[in-house]
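What the coordinates show
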Amino acid sequence: MRTPAWMLLKSQVSATALASAMVVAALTGGAMLPVTAAHAQSAAAARGLPDFTDLVDQVGPSVVNIRTLEKVSNNAGDALGMDEDMLEFFRRFGLPVPNVPRQRAPKGGQSEEEQPRGVGSGFILTADGYVMTNAHVVDGADEVIVTLTDKREFKAKIVGADKRTDVAVVKIDAKNLPAVKIGDVSKLRVGEWVMAIGSPFGLENSVTAGIVSAKQRDTGDYLPFIQTDVAINPGNSGGPLINMRGEVVGINSQIYSRSGGFMGISFAIPVDEAIRVSDQLRASGKVTRGRIGVQIGPVTKEVAESIGLGKAEGALVSAVEPDSPAAKAGVEAGDVITKFEGKNIEKVSDLPRMVGNTKPGTKSTITVLRRGKLKELSMVIAEVPSDEAVKTKGAESSKPSQGALENKSLGLKLGELTAAQKKELAVKGGVRVMAAVDAAARAGLREGDVILQLANVEVTDLKSFEAAWAKADKSKPVNVLVRRGDWAQYVLIRPSK
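All of the points below concern the structure found in this document. (Residues numbered from 1 in each chain as written. Predicted model: local features only at pLDDT ≥ 70, side-chain atom pairs only at ≥ 80, totals over all residues. Heavy atoms only, no water.)

**Quick look at the environment of V190**
Considering the arrangement of structural elements, one finds V190 in the loop between β7 (181-182) and β8 (193-198). Not counting the four nearest positions on each side in its chain, V190 is found in contact with V212, S213, A214 and K215. (Helix = DSSP H or I, 4+ residues; strand = E, 2+ residues; numbered from the N terminus. Contact = heavy atoms within 4.5 Å.)

In structure tokens, the structure reads:
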């Protein structure tokens, strides 16, 4: 009779187990280990894995569900040609009407009702009722409802919201609430276990866990995000990211997704940045930030080497706003800002973060690299307007003055700048590109560009351009500081032989 496959498998496993036991017996002097000892080893291995149960008990009561409501016209169905029964279906289940922009009811009208607008999460910041969440959770809401884990509900007042950092603070009328503990983000390590609690898709008090995937992830002007693989979905926004000590280290804010759902990458606002914002919101209802009035870009490795910077770090000034603190201090397009208040600018996003966290009116210093030399400049920090808009205007086209220069190695035909062009661009000098072919065209130059520097030497006119070219190392790519409209950037031209 043929032995069934499952019995064969069982016998093979038994034989393997017996063989293993014999090996253990041999290693232990012939004594067989009891089954309880084997279980103890297995339990010891299991204890090495994180256990989140105590953390949930500790932090769970501090996490809240946030619902927002919006007043809309109740005759939306007539305006949209939708059946009233269908509208009632969406109302009953708390669903927004699909593919329809909400209709605001007229003030003082009787044809308005509150409709669910969104669901998010938050956490209790202080025992007297301050709750922190994301700005996008409460943005545009007419009413905010905060639900605690004990099912108590409160209407919340929006204390303030900051869209730039996506941080908001709301206040509920309650006392002796279980506030969270704030952790030290600087001690957070990549690979460390973290946990999130929130309301994904409205499912309150859902717990997910994972590890810190990266720190200082740049996805915004003012925020170095914490990247994790903790499952975050719509509704988790505003909830806490918690370390294994039960401390909040971040606010879950964004996910990377092509489907709208979790794909293994999520981002949290570092809690130290959020606390800095919340302190200002609680004090004045708004956030003030510093500014110096420059447009900046990254420094590439090739440009860094060509201008004598060494490493690809710092912030390249592409434009300086007129009458700004930077303009008054003497900052020029093409400068590379390497330090702010003595602190190194390792990447371009460091500068707006440092300046933004500086109180307006503060006297500060920056270090710039200009034509191979470091300079220290002082300025008084200005305040970022509430709705700052930087307008870019193109340089006016006017005919150059007499005189032209052709450089075949660089593929350039150049002309002098007129007085009007110098005034328009706010420059002391430079030369205008009349034509760009071959090497210059490959580097991206085009007619109308203005060259301000060549090989780290200032160019004021055609004569100074010729002098700089005569001294340049023609066996290597030559760095050229080019002004286009209000923007300036370095370009590397590889001379033709």
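**A closer look at the environment of I275**
Topologically, I275 is positioned in helix α7 (residues 271-284). For the pair formed by I275 and L125, sequence separation is 150 residues and the distance between their alpha carbons is 9.4 Å. Ignoring any residue separated from it by four or fewer positions in sequence, one finds I275 in contact with L125, M132 and I182.

**Observations regarding the pairing of strand β5 (residues 153-162)**
Where strand β4 (residues 143-147) and β5 come together, 4 bridges link them in antiparallel fashion. The partner of V146 across the bridge, within β5, is F154. Hairpin connection from β4 to β5: 5 residues lie between these consecutive antiparallel strands, with K151 at a positive phi of about 75°. Inspection of the sheet shows β5 paired to strand β6 (residues 167-171) by 5 bridges, in the antiparallel sense. Bridge pairing links D162 to V167 in β6. (Pairing = 2+ DSSP bridges.)

**Some thoughts on the packing of aromatic side chains**
Following the criterion strictly, the structure yields 2 aromatic pairs and no others. Taking 6.1 Å as the distance between ring centres and 70° as the angle between the ring planes, the aromatic pair formed by F225 and F267 counts as edge-to-face. Here the residue F225 occupies a position in strand β10 (residues 224-228), and F267 occupies one in strand β13 (residues 266-270), the gap between them amounting to 42 residues. F267 shares its class with F225; the two are buried. If you follow R282 out to its NZ or CZ, it ends over the ring of Y130, 4.5 Å from the centre. (Phe/Tyr/Trp six-rings, centres within 6.5 Å; stacked < 30°, edge-to-face > 60°. Buried < 20%, exposed > 50% of the residue type's maximum accessible area, 1.4 Å probe, protein only. Lys NZ or Arg CZ within 6 Å of the ring centre and 35° of its normal.)

**Quick word on the pairing of strand β17 (residues 336-340)**
Within β17, 4 of the 5 residues are buried, which leaves the element mostly enclosed by the surrounding structure. In this structure, strand β16 (residues 315-320) lies alongside β17, joined through 2 bridges in antiparallel fashion. Bridge pairing in β17 links L316 to V336. Where β17 meets strand β19 (residues 363-370), 4 bridges bridge the pair, whose relative direction is antiparallel. The residue of β19 that forms the bridge with I337 is V368. Direction of pairing for β17 relative to strand β18 (residues 343-344): antiparallel, over a ladder of 2 bridges.

**With respect to the pattern of salt bridges**
If you walk through the whole model with that rule in mind, you get 17 salt bridges. Where E247 meets R245, a salt bridge forms, and the shortest distance between an N and an O atom there is 3.4 Å. When salt bridges with common partners are traced through the structure, they connect E192, R245 and E247 into a single cluster. (Salt bridge = Lys/Arg side-chain N within 4 Å of Asp/Glu carboxyl O.)

**Re the side chain of S318**
Relative to the helices and strands, S318 resides in strand β16. Since its relative accessible area comes to 7%, S318 is described here as buried. Beyond its immediate sequence surroundings of up to four residues, S318 is in contact with Q295, I296, A333, D486, W487 and A488.

Without other data, these values stay purely geometric and don't point to any function.
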